[in-house]
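Spelled out, the chains give:
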Amino acid sequence: MRSTPGAFCLIPPTLPVLFLLAIPASPQIRGSYSPGSVLTAGGTVSDPGFSYDNQFWYISAHKLKGPQGNVLPIQGSASFLYDNNSVIYVPKFKFLHANLEFSLDLVVSNGAFDASDPLAGLSESGTAVGLTNTNVMPLDLGWHFKWADLQTGYVAAIPTGRFVPGASDNVSTGFWTNSWQTGATVYLTKSKNTQISVLDSYAWNTTQRGTTLHPGQNDSVDYSLTQTISLAKGDRWPLQFGPAGYGQWQTTQASGQLPARAPLLYGVDAAGFTVNLTAPFKSFNFGASALWEYHARNTYQGRTLVFDANLSF
């Protein structure tokens, strides 16, 4: 599970509703899950042992979309870079015939936003760099079957980074995010080289510290259809590739903000591709993904890049 704590600050109540959409400092423009983080092996818990995963997740957006998906006449941009450092442990013993997985994810963020409304003569900008929310997975269960892997578990995003109500350089959300994730990896061939991966993460939040804002719930889905081929004899250097996508949608209204902002639930959909290469030594895996958001409402629309490296011990 990855975190994208992108809330910078609260908007002054004097700004018009249209301008609220333009600024990432507005109460809620995305969920805490980084969409596109788990495009492959969504239902697969790794073999027993320790592993370290480092993922760079980056999004850049320059189009602000309104309630009907139309481009709003607001000049602005938003970019977020998250460096996720995860330590994962899978013990040898099983529970309910499932492998157990525990993980801790420390995240460093670098975010910036800028927005201006030439008609109203208003502008807002900010940057933030530092340690942000910390993700803890205290329990995840994974089952291996002949034609599929399934997993389900709980994840908590803890606001360990800097947060001051009203500041434009916050790196943390200032609220806890609880989420339940469920995933499936379906094998379409006996060799398991052709597979479908789906991961769903549903999140609900607490009230933001020092404010009355209670962000709405959201649902995120990552998915892909991939094929694996070997680049060397003996099934060495397997290369996995295929089309991929994600969606993220706010499902309930946020409270504690301007009444006009509450019904503007965000949603975004993206499509692209993903590639993974596994080395024959030390179970080292490297992956890269690129996705373009083709539809959005009440949020920015942009593109996402993901680079991931995993080493098992």
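Preceding block: the structure.
Per chain, residues are indexed from 1 in the order of the written sequence. Local features in a predicted model are, by the rule used here, given only for residues with pLDDT of at least 70; side-chain atom pairs are given and counted only at 80 or more, and totals for whole chains, interfaces and linings are based on all residues. As a convention, hydrogens and water are excluded, and side-chain values are obtained from all of the structure's heavy atoms.

**Student:** Explain the overall build of the protein chain here, please?
**Tutor:** From N to C terminus, the protein chain includes 1 helix and 13 strands. Between buried and exposed lies partly exposed: a residue is buried under 20% and exposed over 50% of the maximum accessible area for its type, with that area taken using a 1.4 Å probe on protein chains only. Among the 313 residues that make up the protein chain, the fraction classed as buried is 54%. Per-residue and other accessible areas were derived by the Shrake-Rupley procedure at a 1.4 Å probe size, with only the shown protein chains allowed to occlude residues. Accessible area of the protein chain: about 13,500 Å², with a carbon and sulfur share of 65%. Runs of E in the DSSP output that reach at least two residues are strands. Runs of H or I that reach at least four are helices, and both are numbered from the N terminus.

**Student:** Sorry, what's going on with the pattern of salt bridges here?
**Tutor:** A pair can form between side chains of opposite charge whenever their charged atoms are brought close. Whenever Lys or Arg places a side-chain nitrogen within 4 Å of a carboxyl oxygen from Asp or Glu, that contact is recorded as a salt bridge. Evaluated as defined, the whole model comprises 1 salt bridge. Glu293 is the salt-bridge partner of Arg30, the closest N and O atoms lying 3.0 Å from each other. Of this pair, Arg30 sits in the loop between α1 (17–22) and β1 (49–65) while Glu293 sits in strand β12 (residues 284–297), and the two are 263 residues apart along the sequence. Neither residue differs from the other here; Arg30 and Glu293 are each classed as buried.

**Student:** How do you make sense of the nonpolar core when you look at a structure like this?
**Tutor:** One recurring pattern in soluble globular proteins is that nonpolar side chains are buried together. To qualify as a nonpolar core, a set must consist of buried Ala, Val, Leu, Ile, Met, Phe, Trp, Tyr and Cys residues joined through side-chain atoms within 4.5 Å. Within the largest apolar cluster, 13 residues are counted, with the highest numbers of intra-cluster contacts made by Trp57, Leu64, Ala78, Phe80, Tyr82 and Tyr300. Breaking this core down by element, the ones donating at least two residues are β1, β2 (75–90), β4 (98–117) and β13 (299–312).

**Student:** How should I be thinking about unusual backbone geometry in this particular structure?
**Tutor:** For residues other than glycine, phi is negative in most cases, and the peptide bonds are mostly trans. Phi angles above zero are rare outside glycine, and Lys192 is one such case at about 65 degrees. According to the relative accessible area criterion, Lys192 is partly exposed, its value standing at 36%.

**Student:** What exactly am I supposed to notice about the packing of aromatic side chains here?
**Tutor:** One pair of aromatic rings is described through two measures. These are the centre distance and the angle between the planes. Within 6.5 Å between ring centres, the rings of Phe, Tyr and Trp (the latter by its six-membered ring) count as paired, and their orientation is classed by plane angle as stacked under 30 degrees, edge-to-face over 60, tilted in between. The tally for this structure, following the rule as stated, stands at 4 aromatic pairs. Geometrically, the ring pair formed by Phe273 and Trp292 is tilted, given 6.3 Å between the ring centres and 40 degrees between the ring planes. One end of the pair, Phe273, is in strand β11 (residues 267–278); the other, Trp292, is in strand β12, and 19 residues separate them in sequence. Residue class for Phe273 comes out partly exposed when judged on its relative accessible area of 40%. The exposure class of Trp292 is partly exposed, given its relative accessible area of 46%. Grouping aromatic residues by their ring pairs yields a cluster made of Trp57, Phe80 and Tyr82. Its end group placed over the ring of Tyr187, Lys192 keeps NZ or CZ at 4.8 Å from the ring centre. Whether a charge sits over a ring comes down to the Lys NZ or Arg CZ being within 6 Å of the ring centre and within 35 degrees of the ring normal.

**Student:** Please explain the side chain of Gln55 as it appears in this structure.
**Tutor:** Residue placement: Gln55 occurs in strand β1. The definition of a polar contact used here is a pair of N or O atoms within 3.5 Å, where within protein one atom must be able to donate a hydrogen and the other to accept one, and adjacent residues in sequence count solely through side-chain atom pairs. Among the polar contacts listed, one links the side chain of Gln55 to the backbone oxygen of Ser37, at a separation of 3.1 Å. Within the local environment of Gln55, its side chain forms a polar contact with the side chain of Asp308, the two groups lying 3.1 Å apart.

**Student:** Can you walk me through a nonpolar patch on the surface in this structure?
**Tutor:** Patches here are clusters of residues that have more than 30% relative accessible area and form no salt bridge, with a 9 Å joining cutoff for like charges and a 5 Å cutoff for nonpolar side chains (Val, Leu, Ile, Met, Phe, Trp, Tyr). Among the surface-exposed residues, Phe56, Tyr58, Leu81, Phe281, Phe284, Phe286, Leu305 and Phe307 lie close enough to one another that they form a single nonpolar patch of about 670 Å² accessible area. Contributions of two or more residues to the nonpolar patch are made by β1, β12 and β13. Tracing the chain through its elements places Leu305 in strand β13.

**Student:** Whenever I open this one, the side chain of Asn285 confuses me. Can you help?
**Tutor:** Mapped onto the elements, Asn285 comes out in strand β12. Of the polar contacts made by the side chain of Asn285, one reaches the side chain of Thr278; its length is 2.8 Å.

**Student:** Would you mind going over the pairing of strand β10 (residues 236–250) with me for this structure?
**Tutor:** Across a regular strand the side chains alternate sides, sitting on one face of the sheet and then on the other. Two elements, strand β9 (residues 218–232) and β10, share 12 bridges in a ladder whose sense is antiparallel. Within the sheet, the bridge partner assigned to Val221 lies in β10 and is Gly247. If DSSP finds at least two bridges between two strands, the strands pair.

**Student:** What am I meant to see in the pairing of β9 here?
**Tutor:** The sheet contact formed by strand β8 (residues 194–205) and β9 spans 10 bridges and is antiparallel. Pairing of Gln195 across the sheet is with Thr226, part of β9.

**Student:** Quick question: what am I supposed to make of the environment of His214 here?
**Tutor:** Relative to the assigned elements, His214 resides in the loop between β8 and β9. Taking the relative accessible area as the measure of exposure, His214 reaches 29% and is therefore partly exposed. Separated by 39 residues in sequence, His214 and Gln253 place their C-alpha atoms 9.0 Å apart. Reaching out from His214, the side chain makes a polar contact with the side chain of Thr207 at a distance of 3.5 Å.

**Student:** What should I look at first to understand the environment of Ala184 in this one?
**Tutor:** Turning to its location among the elements, Ala184 is positioned in strand β7 (residues 177–187). Taking the C-alpha atoms as reference, Ala184 lies 7.1 Å from Thr44; in sequence the two are 140 residues apart. Ala184 has contacts with Gly42, Gly43, Asp149, Leu150, Ile196, Ser197 and Val198, leaving out every residue within four places of it along the chain. Whether two residues are in contact is decided by their heavy atoms, any of which lying within 4.5 Å being enough.

**Student:** Looking at this structure, I do not really get the environment of Tyr58. What am I missing?
**Tutor:** Mapped onto the elements of the fold, Tyr58 is located in strand β1. Along the chain, Tyr58 and Asp83 lie 25 residues apart, while their C-alpha atoms are 8.9 Å from each other. Among residues more than four places away in sequence, those in contact with Tyr58 are Ser79, Phe80, Leu81, Arg303, Thr304 and Leu305.

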